[in-house]
Amino acid sequence: MSRIMTLPKIGVNMTEAVVDEWFVKPGDVVGEGDAIFLAETDKATQEIFATDSGIVGKLIANEGDTVQINEPIMVLLDEGEEYDETSPIAQPAVTEKEEAAVTKVVIAKPQTPAPIKSTVGERIKISPLARKTAKDEGIDILSLSPIKPGKRITKSDVLRLRESALSTRVQRGAVTASSTALDTLTITVNADMLVSLCQKLNDSGVAAGNVDIITKAAAVAIREHGAVNGFAEQINIAVEAETTEGLSNPVVIGADKKTVAQIKADVDASVSVASGANFAVTNLGALGVESHVPAKSILNCATLAIGCVTKGFAADEFDNPVVRKQLKMTLAFDADVIDRAVAAMFIMQVQKLVENPMLMLAL
Amino acid sequence: MSEITVRQALNDALREEMEIDPTVIIMGCDIAVRGGPFGVTLGLLDQFGRKRVKDTPISEPGFTGAGVGAAATGLRPIVEILYSDWLTLCTDQIVNMAAKMRYMFGGKVNMPLVIRAPFGAGGGVAAQHSQSFEAWFNHIPGLKVVAPITPYDVKGMLKAAIRDDNPVMFFEHKRSYQITGEVPDNEDYIVPFGKAAIRREGTDVTIVSYSMMSIRAQNAAEELAKQGISCEVIDLRSILPLDYETVMNSIAKTNRVVVCQEANLRGGLAADIVAEIIDRGFDLLDAPPVRVGAPNVPMPYNAGLEALCIPDEENIKEAVMKVMSND
């Protein structure tokens, strides 16, 4: 149905406008809120926006014409319709005209500058420090919220968001990790000193095995490479042991601060699945397996798999073969969460500590 | 070390400086024969004689002007204004003469003048004897302004003030004379201007204070610590120059600040300090700074109303809670 669009009233005192320049011509498609012509009004030169959508059938007002408000300015058609001077034209009732035009303008006007309006209009109550911290962290302040509604956003709110983003990232990584193959890094380490330390400890009445010393080494290395456990403040390591009766994975809380004897005691004390682990050590070596690659992580964290101690040949400094004790370690992790380079640095640090456990006295 | 009062610390500082330097003189109402209305100058007349310890008529503009002239011509006078409220009478001598002379004469005149002015509220001495005017003099280029509170600082800063070649406004709190503290025996020390003291270390809120308010701030901080709020209390000691380095370092740690003064709030030193903090470290602030001060009324004589008007530990605690609230 063809219909007439009239000049909308856009200022309180506006009574008429001069059509300066049309932006549309017959045949153009016009959406409600589109600028259709430039007008000189009592206030200034400004754009007039369409109050309806359709196809321009005819421009009634010509450039240079002075048009009173609510006077027809153009004819709009529906799609597929042809403009015909004689076709019936819907004439909105005059009493409704002004009202309709005004309300429509109110709706139409903000459509163009919508994004600006939504950000400028709302003031965000945020401290200068929080604003700066968010900027430094690359966090959009629109994504922040105070701890209680109505309170000011402070630095702690920014840090809270960052922490949750981090843990989301770890969780997301974990989901991937449990559903897809992990990245793995495998190294062979010299176990001469590890085995000899174990022997000495046991001779002195301290019950501790290879896995306990390696767990301690991993914990100490995580201190330097926090990305490996998602920057968790406390280094909690699940020590998984496969048994013929199933899997046990006691968690050693704050493993880096414990002695190997305490780690051993923690592992022995608990056989149930405990929560709170942010790193895992798995020991199929205890069953005589030389190496294994964890295809998925049960506890949703990076996992260090330890193989059994074997004897093997290695080259000494003169390239002569020497027999030494060695074992293989494989770190399984999700590269979406932990950079491969960080993972490599971490496992090299573990190697250094396992090959020379006395270094841990200084760390 | 000996435990002495603020009164004794002031007396010791005056005596020691007068012994060291024969050009040091003191004058004011009742300071010679009577030994000072607060007993600060007891014994000095006997030791140094009438030429160096002078009782004056009750004319602050007269004897302050005499002090300015004496300072300009080679002596190091200490002028006592019995109540700092009377600074109104001699402000022309201080602001237009003492503070300007060295500058306007191209540095050819020194102005080693010390104005001792007991200030602060309490004790029911009413509206004309309870005021704190440090903000007025902080506004004047050419002056130095200090307000120490511990016996150690009082003695060391009065000695520093006497040795300074510029006019120094020395504000001593009139309720502080009986406060005791340790001061080294037989040691000629000074406390330099422009260095604040951290009276208590903390991590949550910085409380900037001076004079009696620093003692109240420490008391408030002790109580707040029981609620798990850790306050760092800074005693400025020296108002002009002011140690903003210490203030800003503390705020960099706590990100929240309360600034205390005993004077009524409007146009006060706390406002000036807050403005400077914002200039220097807007991005360090996690909350709007909060000021503590008296209401903008003349100090009432009535004991109940007076207690209501003097900012105390409760006001400081409320301010700390406000700055912690994030409202």
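All residue numbers refer to position in the chain's written sequence, counted from 1. By the order in which they are written, chains take letters starting at A while ligands take numbers starting at 1. Note on the predicted model: pLDDT of at least 70 is required for a residue's local features to be given, and 80 or more for side-chain atom pairs to be given and counted; whole-chain, interface and lining totals, by contrast, use all residues. Side-chain metrics rest on all non-hydrogen atoms present in the structure, leaving aside hydrogens and water.

## Description of the overall build of chain B
Thought 1: Segments assigned H or I by DSSP are reported as helices when at least four residues long, segments assigned E as strands when at least two residues long, and all are numbered from the N terminus. Secondary structure assignment for chain B yields 11 helices and 14 strands.
Thought 2: For chain B, the proportion of its 327 residues judged to be buried stands at 56%.
Thought 3: The contacts of chain B with a sequence gap of at least 6 include a subset with a gap of at least 24, amounting to 82%.
Thought 4: The Shrake-Rupley method, run with a 1.4 Å probe sphere, supplies the accessible areas, and residue values consider only the shown protein chains as cover. Working note: accessible area of chain B is about 13300 Å², and carbon and sulfur atoms make up 53% of it. Burial here depends on accessible area, computed with a 1.4 Å probe over protein chains only, as a share of the maximum for the residue type. Under 20% is buried, over 50% is exposed, and the range in between is partly exposed. Contacts are assigned to residue pairs that have any heavy atoms within 4.5 Å of one another.

## Observations concerning the packing of helix 5 (residues 192–203) of chain A against helix 6 (residues 210–224) of chain A
Residues and elements named next belong to chain A.
Thought 1: To define axes, lines are fitted to C-alpha atoms, for helices over the stretch in contact only, and angles between the resulting N-to-C directions are given on a 0 to 180 degree scale. Close contact between helix 5 and helix 6 brings their axes to 9 Å; oriented N to C, the two are set at 115°. Seen along the crossing, helix 5 lies across helix 6 with a hand that is right-handed. Contacts between helix 5 and helix 6 involve L194, L197, C198 and L201 from the former and N210, I213 and I214 from the latter.
Thought 2: Residues belonging to the contact of helix 5 with helix 6 are distributed by class as follows: six nonpolar, one polar and no charged. Each crossing is labelled by how the near helix is turned from the far one, with a counterclockwise turn of less than a right angle marking it left-handed and a clockwise turn marking it right-handed. The nonpolar class holds Ala, Val, Leu, Ile, Met, Phe, Trp, Tyr, Cys and Pro. Asp, Glu, Lys and Arg form the charged class, and all remaining residues, Gly among them, are polar.

## Things to note about a negative patch on the surface
Thought 1: On the surface, D20, E21, E40 and E63 of chain A cluster together into a negatively charged patch.
Thought 2: Considering the arrangement of structural elements, one finds E21 of chain A in strand 2 (residues 16–22). Each patch is built from residues lacking any salt bridge and having more than 30% relative accessible area; the joining distance is 9 Å for like charges and 5 Å for nonpolar side chains (Val, Leu, Ile, Met, Phe, Trp, Tyr). A pair is scored as a salt bridge if a Lys or Arg side-chain nitrogen falls within 4 Å of a carboxyl oxygen belonging to Asp or Glu. When charges are tallied, Lys and Arg are placed among the positive residues and Asp and Glu among the negative ones, while His and the ends of the chain are skipped. Where a charge lies is defined by one atom per residue type: Lys uses NZ, Arg uses CZ, Asp uses CG and Glu uses CD.

## Here's the deal with the sheet that holds strand 5 (residues 114–119) of chain B
Residue and element names in this part refer to chain B.
Thought 1: Pairing between two strands is assigned when DSSP locates at least 2 bridges connecting them. Overall, mixed pairing links the seven strands, which are arranged 3-2-4-5-7-6-12 in an open sheet. Among the strands making up the open sheet, the edge pair consists of strand 3 (53–55) and strand 12 (238–240). The sheet shows a mean angle of 20° between the axes of neighbouring strands, direction not considered.
Thought 2: Contacting strand 2 (24–28), strand 3, strand 4 (76–80), strand 5 and strand 7 (168–173), helix 1 (residues 6–20) crosses the sheet at an angle of about 135° to strand 2.
Thought 3: Relative to strand 4, helix 3 (residues 60–72) is tilted by about 165°, and along the sheet it contacts strand 2, strand 4 and strand 5.

## Re the packing of helix 7 (residues 212–226) of chain B against helix 11 (residues 313–325) of chain B
All names here are of chain B.
Thought 1: Contact pair helix 7 / helix 11: the axes reach a minimum separation of 8 Å and the direction vectors enclose 60°. Classed by the angle they form, the pair helix 7 and helix 11 counts as oblique. Like other packed secondary-structure pairs, helix 7 and helix 11 cross with a definite hand, here right-handed. Contact residues: M213, R216, A217, N219, A220, E223 and L224 in helix 7; E313, E314, I316, K317, V320 and M321 in helix 11. With respect to orientation, any angle under 35 degrees is reported as roughly parallel, any angle over 145 as roughly antiparallel, any angle of 65 to 115 as roughly perpendicular, and every other angle as oblique.

## A look at unusual backbone geometry
Residues and elements named next belong to chain B.
Thought 1: Look at the link from L240 to P241: it is a cis peptide, with omega at 5°.
Thought 2: If you trace the backbone, P241 turns up in the loop between strand 12 and helix 8 (244–254).
Thought 3: A positive phi angle, near 50°, is found at S211, a position not held by glycine.
Thought 4: Relative to the assigned elements, S211 resides in the loop between strand 10 (205–209) and helix 7.
Thought 5: Its relative accessible area of 2% is what places S211 among the buried residues.

## Here we look at the packing of aromatic side chains
Residues and elements named next belong to chain B.
Thought 1: Each pair of aromatic rings taken from Phe, Tyr and Trp, with Trp reduced to its six-membered ring, is defined by centres within 6.5 Å and is described as stacked if the planes are under 30 degrees apart, edge-to-face if over 60, and tilted in the remaining cases. Considering all chains together, one arrives at nine aromatic pairs over all chains under this definition.
Thought 2: Residues F38 and Y83 carry aromatic rings whose centres are separated by 5.9 Å and whose planes lie at 75° to one another, so their mutual orientation is edge-to-face. One end of the pair, F38, is in the loop between strand 2 and helix 2 (44–48); the other, Y83, is in the loop between strand 4 and helix 4 (87–104), and 45 residues separate them in sequence. In this pair, the class of F38 matches that of Y83, namely buried.

## Here's the deal with the nonpolar core
Thought 1: In this text, buried Ala, Val, Leu, Ile, Met, Phe, Trp, Tyr and Cys residues form a nonpolar core when linked through side-chain atoms within 4.5 Å. With 47 residues, the main nonpolar core has L87, F137, M169, F171, L236, V247 and I277 of chain B as its most contacted residues.
Thought 2: Elements with a contribution of two residues or more to this core: helix 3, helix 4, strand 5, strand 7, helix 8, strand 13 (257–264) and helix 9 (269–281) of chain B.
Thought 3: A total of seven residues in this core trace back to one element, the largest contributor, which is helix 4 of chain B.
Thought 4: The split into domains, and so the bounds of each, comes from an automatic or database assignment of domains. Two domains each provide a minimum of three residues to this core, namely domain 1 (2–183) and domain 2 (197–325) of chain B.
Thought 5: Residue contacts for L87 of chain B: discarding those within four places in its chain leaves I81, I94, I115, A117, F137, M169 and F171 of chain B.
Thought 6: If you look at the next biggest cluster of nonpolar residues, it comprises 44 residues, including A191, L194, A302 and M360 of chain A.

## A closer look at helix 1 of chain B
Thought 1: A rise of 1.5 Å per residue sets the reference length of helix 1 of chain B, with its 15 residues, at 21 Å; its end C-alpha atoms lie 21 Å apart and thus fit the reference within 8%.
Thought 2: The complete set of buried residues in helix 1 of chain B reads V6, A9, L10, N11, D12, A13, L14, E17 and M18 of chain B. Each helix should span, by expectation, one fewer than its residue count multiplied by 1.5 Å.

## Concerning the interface of chain B and chain A
Thought 1: Contacts between the two partners involve 12 residues from chain B, matched on the other side by 11 residues from chain A.
Thought 2: Throughout, buried area stands for the accessible area (probe radius 1.4 Å) lost by two parts on being put together, summed over both. Between chain B and chain A the total buried area reaches about 940 Å² when both faces are included, carbon and sulfur atoms providing 50% of it.
Thought 3: Viewed at the interface, chain A and chain B are joined by one salt bridge.
Thought 4: As used in this structure description, the phrase polar contact means that two N or O atoms lie within 3.5 Å; if the pair is within protein, one of them must be able to donate a hydrogen and the other to accept it, and residues adjacent in sequence are counted only when both atoms belong to side chains. Connecting chain B to chain A are seven residue pairs in polar contact (both at pLDDT 80 or more).
Thought 5: Split into classes, the residues belonging to the side of chain B that touches chain A amount to five nonpolar, three polar and four charged.

## Some details on the pattern of salt bridges
Pairing is possible between side chains that carry opposite charge, provided their charged atoms lie close to one another.
Residues and elements named next belong to chain B.
Thought 1: Evaluation of the coordinates by the stated rule reveals 34 salt bridges over all chains.
Thought 2: E17 serves as the salt-bridge partner of R163, at 2.8 Å between the closest nitrogen and oxygen. Taken together, the positions of R163 in helix 6 (residues 151–163) and E17 in helix 1 put the pair 146 residues apart, joining distant regions of the chain.
Thought 3: Several salt bridges converge on common partners, so that one network encompasses E16, E17, K155, K159, R163 and D188.

## Thoughts on the pairing of strand 15 (residues 310–315) of chain A
Residues and elements named next belong to chain A.
Thought 1: Sheet analysis places strand 15 next to strand 16 (residues 321–333), joined by six bridges and oriented antiparallel. Looking at strand 16, one finds that F313 is bridged to V323.
Thought 2: The turn joining strand 15 and strand 16, which pair antiparallel and follow one another in sequence, is formed by five residues; a positive phi near 65° is taken by D319.

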